Amino acid sequence: MGETNWAGNQLFTAERILRPRTVEQVQEAVAAAPAVKALGSRHCFNDIADCPDGVQIDLSGLESAAGLDADAATITVPAAARYGDIAGQVHAAGFALANLASLPHCTVAGTVATATHGSGRRNQSLASAVSGLDLVTADGELKTYSHHDGVVVGLGALGVVTRLTLDLVPAFELRQDVFDGLPWESAYTRFEEIQDAGYSVSMFTNWARDTIDQVWVKGAGQPGEDFFGAKAADGPRHPAHAAGIPGGNCTRQLGVPGPWHERIPHFRLGFTPSVGDELQSEYFVPIRHAIAAMEAMRGIGHLLAPVLLTSEIRTVAADELWLSPFHGGDRMALHFTWRPERDEVRALLPVMEERLAPFDVRPHWGKLFHRAADYPRLADFRALATELDPGGKFRSPFVRRHVFGEVKSS
Ligand SMILES: Cc1cc2nc3c(=O)[nH]c(=O)nc-3n(C[C@H](O)[C@H](O)[C@H](O)COP(=O)(O)OP(=O)(O)OC[C@H]3O[C@@H](n4cnc5c(N)ncnc54)[C@H](O)[C@@H]3O)c2cc1C
């Protein structure tokens with residue numbers, strides 16, 4: 001069995017994985033290879049990190065330490081640092097990252113390359129915290145970028161990022177409260193209030209039951225025992241609790257205050273995040289379409305539920321990053337954690353995308369989807385990729401298909 005992604009559904013077809021120890025070795029490896037792709041912690045669910053007949057570059061052995069600049073309120077980290085690795089250092093210095101994903105296991109470079117996000121009406125994607133990065137381009141040159149909206153969500157198509165600088169905010173505490181059984185009527189009529197009820201709010205459903213299974217509220221204050229008709233949970237919950245998964249690998253709940261990095265992710269670093277044996281998809285629609293998009297998914301709830309472990313509804317604030325799904329406006333995120341049933345999931349994706357098409361839908365770059373979206377700055381991104389990589393050594397089948405539109409999506 002060859003190398004695979006984290007979920008095991010994607011067999012990598014690269015000839016070799018190189019593990020350079022210095023930036024110079026990265027430069028030499030990129031310059032010498034006919035086809036290259038950087039590899040993070042492999043948490044994507046599609047072929048975005050694969051490099052057929054070329055080399056994948058794993059930067060986890062790069063000899064480089066994180067450097068925190070308290071005056072500038074930034075931290076510069078090696079590309080393969082995981083959020084869970086740097087959070088303690090950031091917190092100890094009195095700072096925080098404004099937001100985190102549901103898991104702290106992913107590399108910073110791999111996370112921002114796909115515009116990975118958490119939740120929160122005023123929280124942007126994790127890519128928005130990037131204020132600078134170093135990029136090894138096709139000819140082996142090391143370029144440094146500062147506040148460039150085109151390079152951050154790079155999908156691995158522009159080069160190999162060796163380090164990144166992230167903006168920090170003052171450290172803060174949060175408590176996490178989970179509520180069971182939110183009436184759909186509340187979600188429809190008070191969506192904005194519910195999302196505003198915490199720093200980060202997530203709703204979990206299988207789209208077929210009469211109520212939303214759980215609402216997770218990560219905030220400063222006690223949201224009360226009755227949350228828009230949902231009842232405070234009587235014990236720790238797992239997002240897929242309704243599918244029988246126990247809450248053991250989750251961050252502390254039941255309203256106990258704790259540091260930002262131990263409350264914002266749903267899952268703890270030392271444990272398998274989510275379920276493990278699963279697939280994932282995620283779609284983003286503008287907030288103004290939130291209710292209609294939820295209704296559209298409920299309309300096919302009978303098709304979704306048999307294949308779902310759980311589904312998460314979140315919000316993400318707008319940014320200006322060229323290939324960010326949140327480019328140009330705040331969006332609602334509809335995430336799907338599937339049972340590992342590839343054929344069933346593959347058959348459902350076009351059906352879901354057709355239902356969501358009227359709502360200017362954009363898929364998550366790192367999860368399973370059928371058709372990529374058009375982006376206002378797509379032509380600029382293509383031009384940048386061509387300028388940095390005229391020979392196309394970073395132009396993998398995924399990039400050809402979904403960015404350059406060269407082959408129809410499968
Ligand atoms: C259990 C689980 C929970 C998740 N939760 C969330 C969530 O809450 N929110 C969310 O938005 N997503 C979530 N995801 C998706 C995940 O955050 C993304 O797939 C993310 O991109 C994975 O990062 P990675 O380090 O594993 O990158 P990989 O999957 O290894 O690579 C992803 C992309 O980044 C590129 N890349 C990696 N390193 C570099 C580099 N040094 N230079 C240039 N390009 C590079 C690769 O070439 C590839 O294109 C989850 C995934 C899992 C498995």
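Fair warning: this is a prediction, and the values are worked out from it, not measured in the lab.

Rules used in this analysis
Residues numbered from 1 in each chain as written. Predicted model: local features only at pLDDT ≥ 70, side-chain atom pairs only at ≥ 80, totals over all residues. Domains from an automatic or database assignment. Contact = placed C-beta atoms within 7 Å. Helix = DSSP H or I, 4+ residues; strand = E, 2+ residues; numbered from the N terminus. Nonpolar A, V, L, I, M, F, W, Y, C, P; charged D, E, K, R; others polar. Pairing = 2+ DSSP bridges. Axes fitted to C-alpha atoms, helices over the stretch in contact; angles between N-to-C directions. Near = placed C-beta within 6 Å. Buried ≥ 20, exposed ≤ 12 C-beta atoms within 10 Å, placed from the backbone. Arc of directions from axis to C-beta. Core = buried A, V, L, I, M, F, W, Y, C linked by C-beta atoms within 7 Å.

1. Digging into the domain arrangement of the protein chain
Looking at the protein chain, the domain boundaries give domain 1 (67-171) and domain 2 (173-363). A C-alpha centroid distance of 24 Å is found between domain 1 and domain 2. Counting residues at the interface gives 29 residues for domain 1, matched by 29 residues for domain 2. Here the side of domain 1 that touches domain 2 gets three residues from one element, more than from any other, and that element is helix H2 (residues 83-92). Taken together, the residues of the side of domain 1 that touches domain 2 break down into twelve nonpolar, 14 polar and three charged.

2. Quick notes on the sheet that holds strand E5 (residues 74-78)
Whether parallel or antiparallel, the strands of a sheet pair through hydrogen bonds between backbone atoms. Here five strands make up an open sheet; going across it, the order is E4-E5-E9-E7-E8 and the pairing antiparallel. Since the sheet does not close on itself, it has two edges, and those belong to strand E4 (67-69) and strand E8 (142-146), each with one partner. Taking each pair of neighbouring strands and ignoring which way they run, the sheet shows an average axis angle of 15°. For E5 and strand E9 (residues 160-167), the ladder comprises five bridges, and the chain directions are antiparallel. Along E9, the bridge assignment pairs Thr74 with Asp167. Packing of helix H1 (residues 23-32) onto the sheet brings it into contact with strand E7 (130-136), E8 and E9, and relative to E9 it is tilted by some 135°.

3. Some thoughts on the sheet that holds strand E3 (residues 55-58)
Read across the open sheet, the three strands follow the order E1-E3-E2; overall the sheet is parallel. The sheet terminates laterally at strand E1 (16-18) and strand E2 (36-39), the two strands that pair on one side only. Put simply, the sheet's adjacent strands are angled 30° from each other on average, direction ignored. Here E1 runs beside E3; their pairing, made up of three bridges, is parallel. When the sheet's bridge partners are listed, Arg16 is paired in E3 with Val55.

4. Thoughts on the site of the ligand
Of all residues adjacent to the ligand, which total 35 residues, the nearest are Gly40, Ser102, Gly110, Gly156 and Gly366. Those elements that provide at least two residues to the shell around the ligand are E2, helix H3 (108-113) and E9. It is H3 that contributes the most residues to the shell around the ligand, four residues altogether. Of the residues belonging to the shell around the ligand, the class tally is 17 nonpolar, 16 polar and two charged.

5. Some details on the environment of Ala33
Residue placement: Ala33 occurs in the loop between H1 and E2. Each C-alpha atom of the pair Ala33 and Trp216 lies 46 Å from the other, and the pair is 183 residues apart in sequence. Not counting residues up to four positions away in its chain, the partners in contact with Ala33 are Gly54, Val55 and Lys393.

6. Quick look at H2
Burial in H2 covers these residues: Tyr83, Ile86, Ala87 and Val90. The arc that holds the buried residues of H2, viewed along the axis, is 120°, so those residues lie on one side. One or two steps after H2, the chain reaches Gly94, where phi turns positive at roughly 90°.

7. Remarks on unusual backbone geometry
Peptide bonds are, in most cases, trans, and in most cases residues other than glycine have a negative phi. The phi angle at Ala115 is positive, at roughly 60°, despite the residue not being glycine. By C-beta crowding, Ala115 is classed as buried, having 27 other C-beta atoms within 10 Å.

8. Some details on the pairing of strand E18 (residues 308-316)
Summarising burial for E18: nine of the nine residues are buried, a large majority. As defined by bridge partners, strand E12 (residues 200-205) adjoins E18 across three bridges and the pair is classed as antiparallel. Note that in E18 the partner of Thr205 across the bridge is Ser311. For E18 and strand E19 (residues 331-338), the ladder comprises eight bridges, and the chain directions are antiparallel. Looking at the pairing, Val316 lines up with Arg331 of E19.

9. What about the environment of Pro265?
Inspection of the secondary structure assignment puts Pro265 in the loop between strand E16 (258-259) and strand E17 (279-286). The class for Pro265 is buried, based on 24 C-beta atoms found within 10 Å.

10. Quick notes on the nonpolar core
With 124 residues, the main nonpolar core has Val112, Val153, Leu164, Val215 and Ala293 as its most contacted residues. Among the domains, domain 1 (67-171) and domain 2 (173-363) are the pair contributing at least three residues each to this core. Those residues in contact with Val153, other than ones at most four positions away along the chain, are Val112, Ala113, Ala115, Ala127, Leu321, Trp322, Leu323 and Ser324.

11. Observations regarding the pairing of E9
Most of E9 is tucked away: seven of the eight residues are buried. Pairing of E7 with E9, which is carried by six bridges, proceeds in the antiparallel orientation. Bridging across to E9, Val130 finds its partner in Leu166.

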